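Each chain, letter by letter, is given below.
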Amino acid sequence: MDTSETRKLRETINLLGLRAQATVAGMVQLAIELRRVGALDEAAIGRIKDAICGDLMLSCPINVDRREYEASLRRRLDALFAGRETVGEQMPPLSEPTAD
């Protein structure tokens with residue numbers, strides 16, 4: 001999804017007044033259920049995650065490396081769609097702490 005399409009979608013969602021947490025929780029559960037019955041393949045799930053990531057990248061803080069931010073988002077999305085992570089209110093740290 002290109003940036004202009006992503007912005008239009010975001011504006012439409014905002015105008016509808018959809019709450020992000022409820023919407024995402026329902027959408028993720030729907031995608032998991034559709035994958036479970038074979039109605040969505042991994043490529044379709046990937047396109048859904050790409051659309052979410054594309055929208056979230058519009059809000060990437062200017063003081064954060066975009067590649068690192070996107071990688072963090074994709075890790076979280078992978079975990080979320082695998083059922084290993086809940087929809088939370090905050091982004092986790094961008095990098096995992098390293099042992100020195």
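Calculation criteria
- Residues numbered from 1 in each chain as written.
- Predicted model: local features only at pLDDT ≥ 70, side-chain atom pairs only at ≥ 80, totals over all residues.
- Heavy atoms only, no water.
- Helix = DSSP H or I, 4+ residues; strand = E, 2+ residues; numbered from the N terminus.
- Expected span 1.5 Å × (residues − 1).
- Buried < 20%, exposed > 50% of the residue type's maximum accessible area, 1.4 Å probe, protein only.
- Disulfide = S-S within 2.5 Å.
- Contact = heavy atoms within 4.5 Å.
- Salt bridge = Lys/Arg side-chain N within 4 Å of Asp/Glu carboxyl O.
- Core = buried A, V, L, I, M, F, W, Y, C linked by side-chain atoms within 4.5 Å.

### Re helix α4 (residues 66-81)
1) Next: Over its 16 residues, α4 extends 22 Å from the first C-alpha to the last, a length consistent with the 22 Å expected when each residue adds 1.5 Å.
2) Next: Those residues of α4 not exposed but buried are Tyr69, Ser72, Leu73, Leu77, Ala79, Leu80 and Phe81.
3) Next: Once α4 finishes, glycine 83 follows within two positions and takes phi at roughly 80°, a positive value.

### Quick word on the state of the cysteines
1) Next: Taken as a whole and assessed by the stated rule, the structure comprises zero disulfides.
2) Next: The closest cysteine sulfur to the non-disulfide-bonded cysteine 53 is located on cysteine 60, 9.7 Å from its own sulfur.
3) Next: Among the residues examined, cysteine 53 registers a relative accessible area of 1% and is labelled buried.
4) Next: Using a relative accessible area of 12% as the deciding quantity, one classes cysteine 60 as buried.

### Remarks on the environment of isoleucine 32
1) Next: Counting through the fold element by element, isoleucine 32 comes out in helix α2 (residues 20-36).
2) Next: In the structure, isoleucine 32 is positioned 51 residues away from glycine 83 in sequence and 8.3 Å away in space, judged by C-alpha atoms.
3) Next: If we skip the residues at most four places from it in the chain, isoleucine 32 touches Leu80 and Phe81.

### Notes on the pattern of salt bridges
1) Next: By the definition in use, this model includes six salt bridges.
2) Next: Here aspartate 78 makes a salt bridge to lysine 49, at a shortest N to O gap of 2.7 Å. Here lysine 49 lies in helix α3 (residues 42-57) and aspartate 78 lies in helix α4, a separation of 29 residues in the sequence.
3) Next: The class of lysine 49 is buried, set by a relative accessible area of 15%.
4) Next: Residue arginine 67 pairs with aspartate 65 through a salt bridge whose shortest N-O separation is 3.4 Å.

### Looking at the nonpolar core
1) Next: In terms of nonpolar packing, the biggest core is built from 15 residues, with Met57, Tyr69 and Phe81 touching the most fellow members.
2) Next: Element by element, the count of residues in this core is highest for α4, at five residues.
3) Next: Ignoring sequence-local partners within four residues, the contact set of methionine 57 consists of Arg66, Tyr69, Glu70 and Leu73.

### Observations regarding the environment of arginine 66
1) Next: Its location among the elements puts arginine 66 in helix α4.
2) Next: On the basis of relative accessible area, arginine 66 is assigned to the partly exposed category, the value being 48%.
3) Next: Residues contacting arginine 66, with those up to four places away along its chain left out, are Met57 and Cys60.

Distances and angles like these do not, on their own, reveal function.
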